Structures are given as structure tokens and as C-alpha cells.
Amino acid sequence: MTVVFGGMLIYDSITLRGKTTKKDKWIYALLVSACLYMAIDYVVNKDWLDYFDVVEQILAGPAKQINRMLGGPG
């Protein structure tokens with residue numbers, strides 16, 4: 001994992017040097033951080049917070065309301 005992320009960061013830093021804005025770099029850093037977190041979660045096999053847990057907390061209520069409105073169980 002270290003080799004893959006390290007290689008990716010080195011390649012991207014060489015390729016994207018001077019071609020990105022500060023906003024682009026923040027978005028890139030956010031995405032890489034999220035991917036790195038999920039990779040570490042997968043490797044250490046712990047019950048950490050996953051994307052599904054976050055999305056479920058945000059969308060579970062509206063999804064159940066839509067399901068009831070359409071006549072489904074819930």
C-alpha cells in the first residue's frame with residue numbers, strides 16, 4: 001500500500017506540477033486522504049467508520065420516506 005500510494009503521489013506531483021490551482025490541490029488531497037483511510041481500514045481489517053455508514057446516516061430517513069410514498073414497506 002505504501003509503495004502504491006507513494007508511487008502515485010510521486011508520479012502525480014511530477015505530472016501535475018504547475019498545471020493545477022490551489023483549489024485543485026485541496027480536492028486532490030481530500031480524495032487521496034479518503035482513499036488512504038479506506039485502504040488502511042481494509043488492510044488492518046478493523047470495524048472503522050465506512051462510507052456506507054456515513055451515507056446511511058444522511059440518506060436513511062429520506063429513503064424510507066420515499067419508499068413509503070411509493071407504497072413499499074418501511
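Residues numbered from 1 in each chain as written. Predicted model: local features only at pLDDT ≥ 70, side-chain atom pairs only at ≥ 80, totals over all residues. Heavy atoms only, no water.

Re the overall build of the protein
Our working definition: Here a helix means four or more residues in a row that DSSP labels H or I, a strand means two or more in a row labelled E, and each is numbered from the N terminus. For a compact globule the rule gives 2.2 Å times the number of residues to the power 0.38, and the radius of gyration it is set against comes from C-alpha atoms. The buried label applies to any residue whose accessible area, calculated with a 1.4 Å probe on protein chains only, is under 20% of its type's maximum; exposed applies above 50%, and partly exposed to all values in between. Surface exposure here means Shrake-Rupley accessible area, sampled with a 1.4 Å probe, where a residue is shielded only by the protein chains that are shown. For this count, His and the chain ends are skipped, Lys and Arg are scored as positive, and Asp and Glu as negative. Charge placement uses NZ in Lys and CZ in Arg. For Asp and Glu, CG and CD serve respectively.
Per the secondary structure count, the protein includes three helices and zero strands. Of the regular secondary structure in the protein, the N- to C-terminal order runs α-α-α. Here the protein has a C-alpha radius of gyration of 19 Å; the compact-globule value for 74 residues is 11 Å, and the former is much larger. The principal-axis extent of the C-alpha atoms belonging to the protein is close to 55 × 30 × 15 Å. Of all 74 residues assigned to the protein, the portion counted as buried reaches 8%. Taken as a whole, the protein presents about 6,500 Å² of accessible surface, with 69% of it coming from carbon and sulfur. Computed over 8 positive and 7 negative side-chain charges, the inter-centroid distance for the protein is 11 Å.

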